[in-house]
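What the coordinates show
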Amino acid sequence: MADERFLVTGALGCIGAWTCALLAEEGVEVVGFDYGTDDRRLRLATDATIPLVQGDIVDGEGLNRMFDEHGITHVIHLAALLLPQIKPNPPYGTAVNIGGTVNVLDAAKTRGIQVAYASSAAVYSSDDYQGKPVPNEAIGHPMTFYGVHKQACEGLARIFWAEEQVPSIGIRPWIVYGPGRDHGLTASPTLAMAAAAKGEHYRISFGGRTQLQFAPDAARVFIDSARAATEGARVFHLGGPVVSIVDTASEIEAAAPGVTIDVDEETILPFPEEFDGGPLEQAIGPISWTPLAAGVRQTIDRLRAAPG
Ligand SMILES: NC(=O)c1ccc[n+]([C@@H]2O[C@H](COP(=O)([O-])OP(=O)(O)OC[C@H]3O[C@@H](n4cnc5c(N)ncnc54)[C@H](O)[C@@H]3O)[C@@H](O)[C@H]2O)c1
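Residues numbered from 1 in each chain as written. Predicted model: local features only at pLDDT ≥ 70, side-chain atom pairs only at ≥ 80, totals over all residues.

1. Examining the overall build of the chain
The helix and strand inventory of the chain stands at 11 helices and 12 strands. Taking 2.2 N^0.38 as the reference for a compact globule, 308 residues should give roughly 19 Å; the C-alpha atoms of the chain span a radius of gyration of 18 Å, in line with that estimate. The dimensions of the chain, computed from C-alpha atoms along their principal axes, are 55 × 45 × 40 Å. Long-range pairs, those at least 24 residues apart, make up 79% of the contacts in the chain between residues at least 6 apart in sequence. (Helix = DSSP H or I, 4+ residues; strand = E, 2+ residues; numbered from the N terminus. Rg over C-alpha atoms; globule rule 2.2 N^0.38 Å. Contact = placed C-beta atoms within 7 Å.)

Right under this line is the structure:
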């Protein structure tokens, strides 16, 4: 749409890179924001030149300036520190994950900006799982700093709507996989694909069943959500097809003949295995999920073609 200008925070991350790639493909103006400088994930996702601004999301004034300089209309807020990154320094992790989200919502406040932001399935724990898909409105009992941060972000978005009329949609991804997914607690399935792309064996560090969400599909949801965020402060599970990690390993082996992918079936992640994605589709329309076999093949092909 002609008058849209998107800002993507965490643009050099996995989901951020794919979000920038899809917006550039649409011909929409997009600016990426990140404190990093390594653009290898962006290069995996697109050949397009994405304007990048380097800065820390903790710097609210810098963020305000950038919103004005670029005339931003929509923000997709993905910048965050993931679970293992928070552990060594919880105060800074909290400043980034909660403080950064406050800065984004506050910058959106006076500018009429629509916000989509990343929450996480980690706002829940295995105690919240009763053997059926977790309903969208279920109250979570997070067991990690990261999950608590994300739950706080959902609460902040609710207050920024109630008191300041900042419209937002939060999305709770579960396990995103695909080119560029190279770190975090749940990166192991993609690391197995990266090993397979090099002809190497790999052992996935957990088993069980889960929702594996292809990174470009997740990026599409964030874009559609930013456009749908015209009023209220809604939050949705990302949803998607449920797969077993053992079947995922078989798909990787099929895409890379000669490679063996094992699974540590004794280790089960302490989170629910399935979340109800129905309410999200009611809000933004049907989601066309890439089938697992196709996502695995596309990931391995991309990684094989990548330089270095
Ligand atoms: N990948 C998943 O499976 C998953 C699951 C649930 C939620 N999420 C959420 O989705 C979002 C994106 O995840 P991802 O997998 O792309 O993560 P990622 O780690 O690949 O990307 C995050 C990006 O944020 C940037 N960043 C971190 N701190 C920053 C700061 N202070 N200022 C500016 N930039 C900063 C990093 O440099 C990085 O490029 C995150 O908010 C994450 O919590 C991801």
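2. Here we look at the environment of Tyr35
By the element assignment, Tyr35 lies in the loop between strand S2 (29–34) and helix H2 (40–45). According to the C-beta neighbour criterion, Tyr35 is partly exposed, with 15 such atoms within 10 Å. When the C-alpha positions of Tyr35 and Val53 are compared, they lie 8.3 Å apart, and in sequence the two are 18 residues distant. Leaving out residues up to four positions away in the same chain, Tyr35 has contacts with Gln54, Gly55 and Asp56. (Buried ≥ 20, exposed ≤ 12 C-beta atoms within 10 Å, placed from the backbone.)

3. Notes on the sheet that holds strand S9 (residues 209–214)
Here 3 strands make up an open sheet; going across it, the order is S7-S9-S11 and the pairing mixed. Among the strands making up the open sheet, the edge pair consists of strand S7 (175–177) and strand S11 (242–244). The average undirected angle you get between the axes of adjacent strands in this sheet is 55°. As defined by bridge partners, S9 adjoins S11 across 3 bridges and the pair is classed as antiparallel. Looking at S11, one finds that Thr210 is bridged to Val243. (Pairing = 2+ DSSP bridges. Axes fitted to C-alpha atoms, helices over the stretch in contact; angles between N-to-C directions.)

4. Side note on the packing of helix H1 (residues 14–26) against helix H8 (residues 215–228)
Axis angle and axis distance: for two packed helices, these are the angle between their axes and the distance between the axes, and together they describe the pair. Where H1 meets H8, the axes come as close as 8 Å, and the angle between the chain directions of the two elements is 65°. When the axis of H1 is compared with that of H8, the two are roughly perpendicular. Every pair of crossing elements has a handedness; the one defined by H1 and H8 is right-handed. The residues of H8 that touch H1, namely those facing Cys14, Ile15, Trp18, Thr19, Leu22 and Leu23, are Ala215, Pro216, Ala218, Ala219, Arg220, Phe222 and Ile223. (Parallel < 35°, antiparallel > 145°, perpendicular 65-115°, else oblique. Left-handed = near helix turned anticlockwise from the far one by under 90°.)

5. Re the site of the ligand
Around the ligand, 27 residues are found, and the nearest of them are Gly10, Gly13, Ala80, Ala118 and Val176. By residue number, the principal contributor to the shell around the ligand is H1, which donates 3 residues. By residue class, the composition of the shell around the ligand is 17 nonpolar, 8 polar and 2 charged. (Near = placed C-beta within 6 Å. Nonpolar A, V, L, I, M, F, W, Y, C, P; charged D, E, K, R; others polar.)

6. Here we look at helix H9 (residues 245–255)
The complete set of buried residues in H9 reads Ile245, Thr248, Ala249, Glu251 and Ile252. Looking straight down H9, one finds its buried side chains confined to an arc of 160°; they lie on one side. Looking at the buried residues of H9, the elements they touch are helix H7 (188–197), strand S8 (202–204), S9, S11, strand S12 (261–263) and helix H11 (292–305). (Arc of directions from axis to C-beta.)

7. Side note on the sheet that holds strand S5 (residues 114–118)
With respect to topology, 7 strands assemble into an open sheet ordered S3-S2-S1-S4-S5-S6-S10, the strand pairing being parallel. The sheet is open, and its two edges are formed by strand S3 (52–54) and strand S10 (233–237), each paired on a single side. Strand-to-strand twist in this sheet, taken as the mean axis angle between neighbours without regard to direction, amounts to 15°. Bridging between S5 and strand S6 (residues 168–172) involves 4 bridges; their strand directions are parallel. Counterpart to Val115 in the pairing with S6 is Ser168. Sheet contacts for helix H3 (residues 60–70): strand S1 (5–9), S2 and S3; angle to S1, the most-contacted strand, approximately 155°. Across the sheet, helix H5 (residues 90–109) touches S1, strand S4 (74–77) and S5, and the angle it forms with S5 is around 170°.

8. Some remarks on the nonpolar core
By size, the foremost hydrophobic cluster in this structure holds 94 residues, and its most contacted members are Ala17, Val115, Ala196 and Phe222. Dropping the residues within four chain positions of it, Ala196 is found in contact with Tyr202, Ile252, Ala255, Ala256, Val259, Ile261 and Ile300. (Core = buried A, V, L, I, M, F, W, Y, C linked by C-beta atoms within 7 Å.)

9. Section: the pairing of S1
Here is the key point about a regular strand: its side chains alternate between the two faces of the sheet. With 4 of its 5 residues buried, S1 lies for the most part within the structure. Where S1 meets S2, 5 bridges bridge the pair, whose relative direction is parallel. In the strand pairing of S2, Leu7 is matched with Val31. With H1 bridging S1 and its parallel neighbour S2, the resulting β-α-β unit is right-handed. The pairing of S1 with S4 spans 4 bridges and is classified as parallel. Its bridge partner being in S4, Thr9 is matched across the sheet by His77. (Right-handed = clockwise from strand over helix to strand, strands pointing away.)

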